[in-house]
Every structure is written in structure tokens, then in C-alpha cells.
Amino acid sequence: MSTPAPRTAASIPVSRFGHLVHAMKNVMTLREPADANLHYYFRVNRELGGQDRAFIADNIYAALRRKRLLEHLIGPDATPRQLALATLMKLQGINARELEPLLQEGEAEWLKQLKAIPTSDLPLAVQADFPDWLMEKMRAFMSDADILTLARGMQQPAPLDLRVNSMLDKRDDVLHTLVKNDGIAAEPTPYSPLGLRLKEKPALNKNPLFIKGKIEVQDEGSQLIGYLLAPQRREMVVDFCAGAGGKTLLLGMLMQNQGRVYAFDVSEKRLNNLKPRLKRSGLSNLHPQLIANENDLKIKRLAGKIDRVLVDAPCSGLGTLRRNPDLKWRQTPEGIAELTQKQAAILLAASRLLKSGGRLVYATCSFLPEENQQIVEAFLAQHPEYKLLDAGDILAAHNIPLNTGKYLQLLPHLNATDGFFAAVMEKS
Ligand SMILES: C[S@@+](CC[C@H](N)C(=O)[O-])C[C@H]1O[C@@H](n2cnc3c(N)ncnc32)[C@H](O)[C@@H]1O
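Residues numbered from 1 in each chain as written. Predicted model: local features only at pLDDT ≥ 70, side-chain atom pairs only at ≥ 80, totals over all residues.

Asks: When you look at the domain arrangement of the chain in this model, what are you seeing that I'm missing?
Replies: Many authors give the size of an interface as the accessible area that is lost as the parts come together. Annotation of the chain at the domain level lists domain 1 (14-122), domain 2 (160-217) and domain 3 (220-427). Taking the mean C-alpha position of each, domain 1 and domain 2 sit 33 Å from one another. (Domains from an automatic or database assignment.)

Structure follows, in C-alpha cells:
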């Protein structure tokens, strides 16, 4: 029999902690997205079990959410090991005595000093845990108190939202199966008629509901964007930036597998990820097409022929900080300036597809006006043939009780969704 790994009083095996330090070292380089980095780490370290992975991922994400606080406490040259220990003690509330079996010489004293550092009266940027450039951008349109409230919402882990495929089952029946058969705590989402919110994050990829295409993982905010486009059964629809098809699948389902949805994207990899989802969904009205850029000939051929176009534009992703906290450290003002140019170019190219009377929805998962209102307002100023429709009215017509004004604007602390923006326009 092999000797069991040494355990701490808090049941953190030394080897599990060692992996946390290693993974922390890799992720904190911020050279690639944290989820891709962790995915790779877990693939290489196959011996790690479910609990090890959950422990490593939880603590890495906690550290990314509060990286600025940790560096404020430890100093700018914090080592991965110090970050891991400080995360466990300061962010996860594990007391120093419980950590003792993991500690090397001098670390007990270091943790004691760390614990004594007061965390009241911290500078706003440290409390918000945002980089300076983002604070500066936000201060241009928000009060300090509002920045802090928004930031605290973004520091919480996100729940897991599902969308029920209403072509294959009813939301109530899926909920019943999840709760009664699978013992998964879930409830209907407050706004989307197709959404379910799970309390925990169980692995679903082997669940029969998932395998049969009855559920897809999709944030409730993302589901609402489908209701803003509101495609009708026999229409021609374009999802201009379809990615792996989160919204395309919803559109095809809302059209009851009739009509035609073109799913365009410049990323072959993302479109390939749509394929297994499409197969599970049972839909046959979706047509993925790789394009070289927004002016591709495939798009030009459809000019003036499309009833509804969704532009789910490439954006900073700052609205998804609950899930991707590394984005606030990986994004730059220059990167955002580049994105805004792309967003304007894509919106313009996408608008050329529409018939008169057609509907254009521009959406992002960002809360920055420069990626949102400013793009839409500049477009409307140049294109008087488009008028803005009221997003609240459109949702109300679908019995969705959510009115954030003419634009749809969602934030975690207000709506329990990711941060989303959407504008609905109609071509006269
Ligand atoms: C926000 S993501 C889309 C997410 C997707 N709609 C979903 O719901 O899962 C933006 C997408 O825009 C794509 N993209 C970037 N530049 C583009 C362009 N010029 N034309 C079309 N798509 C583009 C990216 O590859 C990315 O998949």
C-alpha cells in the first residue's frame, strides 16, 4: 500500500498546494487566457482529481479577482508561493495555524505580518481591484461609489446558467429532471423564459440532458439578446460574429428550426466548436460560414437580403470579469481602441445585409460606453435610415419584465447576469 500524501489540518494535501503554486506561476504571467492556461495544466497533470482541480481553479480565480489587493499587501514582487498562501489566508479565510503544515521556514512569521496589515481605508482602485487605466475610463462616466458597487459585483464568482432547448423539452420538465433525478439544485432564471440557474457548478458534459441537446450552458443575459433580435420562423437571419454559436443556437431554436441562420465568424476554431453543439441541438437551419473579414465576398452576396442581423461584436469582455477576471489584467487601453475601430467596421458591414424594415442588434459583453453607446450613436448619426427601438418595450412584448431603458444594459450586481449591452435598430 502506498503512503497517503501528508495532509494539513485544513485537509489541504501538500501536493495539492504544490500544484496550486505551479499553476499560479503559469497563470500569473498573463500571457494567455487563464482558462486556457489551466486547461493545459490539467491536461499535462493527468493525475489530478476533481477535488484537486476545483481547489486549484478556485484559488487561482480568487487571486486573479483580487490581484491588486494581494500585490498591495505583499508588494509588487510577490512570488507565486506568496500569492498562493495569501490567497488561502486573506481571501479564502483559512487561518494561519491550519496552513502551518504547508509552510517553509520564515513563512509563519510572514503570514502573521500579512494578517496584521489593515484592509480598511484601501485606495479605491485596490478595493475595486481594477488597473489604473480602467479606473480612469470608468471615472469619466461613473461616480466612485458606483464603480465600487460594480467592481464588487464583478468580484463574485458567476453562477452557472443553462438554456433549455424548447424544441426538445420544456423548461419545467428539465428542471424536474435536474432536481429530482440528478440532485442538482436549480431554479428558473427571473427573466429568460428558457433559463435555469444552478447553485453549484456540476460537470454536465456526461449528463443525458446535455448529451441529448436539451440544455446548453448560456448566461441569462446572452439569452435575452436572442429575444431582442426576435427572429421569426421563415426569415433569413445572420449572426455576424457567431463564435462557437452560443446565440446562433438560440436563434435557430426561436425560429423553430425553420428559415435560415448564417453563422459567420473569422475564427475557424470557434466555428468548429459550434459543430458538436449544432449536432446535439437537432437544428438544421443553421449554416456556419468562415469569413476572412467583415468585407468578405460571402457577405457582399447577401447584401439587402436579410431580415435580421445580430452583431455580437468582439469586445473587451469586461462584462464577464466574474468568469474571466484575468481580462482586466490582460486588456490594455490600446487594445480597446483597436477593438472600437473593429466594432464600428463590423457594424457598418453587417448593416449592409439588411432589407428595409429589417432589424439590427448590436451587442457586447462590455460596460464601457466607448464600445457600446458611442459605437451605436456614431452609426446612427451616419445612417439616418436606421432608428433605435426601445429594448425594454421589445422584452415586454415577450413578457420579460426587464426595462433598462432604450438600451439593454445588464450588470452582475443589478441583474445577476454577466455585464451586457445591446441596442436594437430598425432599417426604415
Ligand atoms: C463576442 S464573440 C461572439 C460570441 C458568440 N456570439 C456567442 O454567443 O457565443 C465575438 C466573435 O467575433 C469574431 N470576430 C472577430 N472579428 C470579426 C469579423 N471581422 N467578422 C466577424 N466576426 C469577427 C470573433 O472570432 C469572436 O468569435
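Now that the structure has been shown, we can carry on.
Asks: How should I be thinking about the nonpolar core in this particular structure?
Replies: As a rule of thumb, nonpolar side chains are buried together in soluble globular proteins. The biggest cluster of nonpolar side chains holds 74 residues, and the ones touching the most others in it are Leu-228, Val-309, Val-311, Val-361, Tyr-362, Ala-363 and Ala-422. Ranked by the residues each element gives to this core, the list is headed by strand E12 (residues 420-427), at six residues. Those residues in contact with Tyr-362, other than ones at most four positions away along the chain, are Val-311, Ala-313, Leu-347, Ile-375, Val-376, Ala-422 and Ala-423. Of all hydrophobic cores here, the second largest spans 25 residues; its members include Phe-17, Met-24, Val-27 and Leu-69. (Core = buried A, V, L, I, M, F, W, Y, C linked by C-beta atoms within 7 Å. Buried ≥ 20, exposed ≤ 12 C-beta atoms within 10 Å, placed from the backbone. Helix = DSSP H or I, 4+ residues; strand = E, 2+ residues; numbered from the N terminus. Contact = placed C-beta atoms within 7 Å.)

Asks: In this structure, what is going on with the site of the ligand? I would like to understand it.
Replies: If you check the shell around the ligand, you find 19 residues, and the closest are Cys-241, Gly-243, Gly-246, Ser-267 and Asp-312. Mapped onto the shell around the ligand, the elements with two or more residues apiece are helix H14 (246-254) and strand E6 (260-265). Taken together, the residues that form the shell around the ligand break down as nine nonpolar, five polar and five charged. (Near = placed C-beta within 6 Å. Nonpolar A, V, L, I, M, F, W, Y, C, P; charged D, E, K, R; others polar.)

Asks: What's the story with unusual backbone geometry in this structure? I'm lost.
Replies: Of all residues except glycine, most have a negative phi; of all peptide bonds, most are trans. For Gln-256, which is not glycine, the phi dihedral falls at a positive 55°. Secondary-structure assignment places Gln-256 in the loop between H14 and E6. Residue Gln-256 is classed as partly exposed on the basis of its C-beta count, with 15 C-beta atoms lying within 10 Å. If you check the backbone angles, Asn-257 has positive phi at about 60° while not being a glycine.

Asks: Is there a simple way to think about the sheet that holds strand E1 (residues 160-164) in this case?
Replies: Two modes of strand pairing occur in sheets, parallel and antiparallel, and in both the strands are linked by backbone hydrogen bonds. Across the sheet, four strands lie side by side as E2-E3-E1-E4; this open sheet has antiparallel pairing. Either end of the sheet is taken by a strand with one partner, and the two such strands are strand E2 (186-188) and strand E4 (215-217). This sheet shows a mean twist of 30° between the axes of neighbouring strands, independent of strand direction. Examined bridge by bridge, E2 and strand E3 (residues 195-198) share three bridges and lie antiparallel to one another. Within E3, the position partnered with Glu-187 by the bridge is Arg-197. (Pairing = 2+ DSSP bridges. Axes fitted to C-alpha atoms, helices over the stretch in contact; angles between N-to-C directions.)

Asks: What exactly am I supposed to notice about the packing of helix H1 (residues 14-27) against helix H2 (residues 34-44) here?
Replies: Packed helices, taken two at a time, are described by the angle between their axes plus the distance between the axes. In contact at an axis separation of 10 Å, H1 and H2 are set at 140° when each is read in the N-to-C sense. Judged on the interaxial angle alone, H2 and H1 are oblique. The handedness of the crossing between H1 and H2 is right-handed. Together, Ala-23, Asn-26 and Val-27 of H1 and Ala-34, Asn-37, Leu-38 and Tyr-41 of H2 make up the contact between the two elements. Tallied by class, residues from the contact of H1 with H2 come to five nonpolar, two polar and no charged. (Parallel < 35°, antiparallel > 145°, perpendicular 65-115°, else oblique. Left-handed = near helix turned anticlockwise from the far one by under 90°.)

Asks: Mind showing me how you'd approach the pairing of E1 here?
Replies: Consecutive side chains of a regular strand alternate in pointing toward one face of the sheet and then the other. Within E1, four of the five residues are buried, which leaves the element mostly enclosed by the surrounding structure. In this structure, E1 lies alongside E3, joined through four bridges in antiparallel fashion. Within the sheet, the bridge partner assigned to Arg-163 lies in E3 and is Gly-195. Bridge analysis of E1 against E4 gives three bridges, and the strand direction is antiparallel. Looking across to E4, one finds that Leu-162 is bridged to Val-217.

Asks: Help me out: how do you make sense of the UniProt feature "active site" (unreviewed entry) in the chain in this one?
Replies: Listed under "active site" (unreviewed entry) in the UniProt record, and renumbered for this structure, are Cys-365. Structurally, Cys-365 is set in the loop between strand E9 (354-364) and helix H19 (373-382). Overall, the presence of 28 C-beta atoms within 10 Å leaves Cys-365 in the buried class. If sequence neighbours within four positions are ignored, Cys-365 has contacts with Cys-315, Gly-317, Gly-319, Thr-320, Asp-418, Gly-419 and Phe-420. (UniProt positions renumbered as here; feature names shortened; annotations may be inferred.)

Asks: What is the right way to look at the packing of helix H4 (residues 67-74) against helix H5 (residues 80-91) in this model?
Replies: Axis separation between H4 and H5 bottoms out at 11 Å; the angle between their running directions is 105°. Compared by their axis directions, H4 and H5 come out roughly perpendicular. In contact with Leu-70, Leu-73 and Ile-74 of H4, H5 contributes Gln-82, Leu-83, Ala-86, Thr-87 and Lys-90. Taken together, the residues that form the contact of H4 with H5 break down as five nonpolar, two polar and one charged.

Asks: Can you help me understand the pairing of E9 in this one?
Replies: The buried count for E9 comes to eight of eleven residues, which makes it a mostly enclosed element. Sheet topology note: the strand E8 (residues 306-312)/E9 ladder contains six bridges and is parallel. Across the sheet, Val-311 pairs through a bridge with Tyr-362, a residue of E9. As paired strands, E9 and E12 are joined by six bridges and run antiparallel to one another.

Asks: Help me understand the UniProt feature "binding site: S-adenosyl-L-methionine" (unreviewed entry) in the chain in this model?
Replies: Taken from the UniProt record, the annotation "binding site: S-adenosyl-L-methionine" (unreviewed entry) applies to Asp-265, Asp-296 and Asp-312. Of note, Asp-265 is situated in strand E6. Relative to the helices and strands, Asp-312 resides in strand E8. With 25 C-beta atoms counted inside 10 Å, the residue Asp-312 sits in the buried group. Once you skip the residues sitting within four places of it in the chain, Asp-312 turns out to touch Cys-241, Lys-247 and Ala-363.

Asks: Sorry if this is basic, but what is going on with the confidence of the model for the chain here?
Replies: Reading predicted coordinates in detail is not appropriate for stretches of low pLDDT. On average, residues of the chain score 96 in pLDDT, and 98% of them reach the 70 mark or higher. With pLDDT under 50 throughout, residues 1-9 is counted as low confidence; its partners more than four residues away or in other chains account for twelve contacts. Across the predicted assembly, pTM comes out at 0.95 and ipTM at 0.99. (pLDDT = per-residue confidence, 0-100.)

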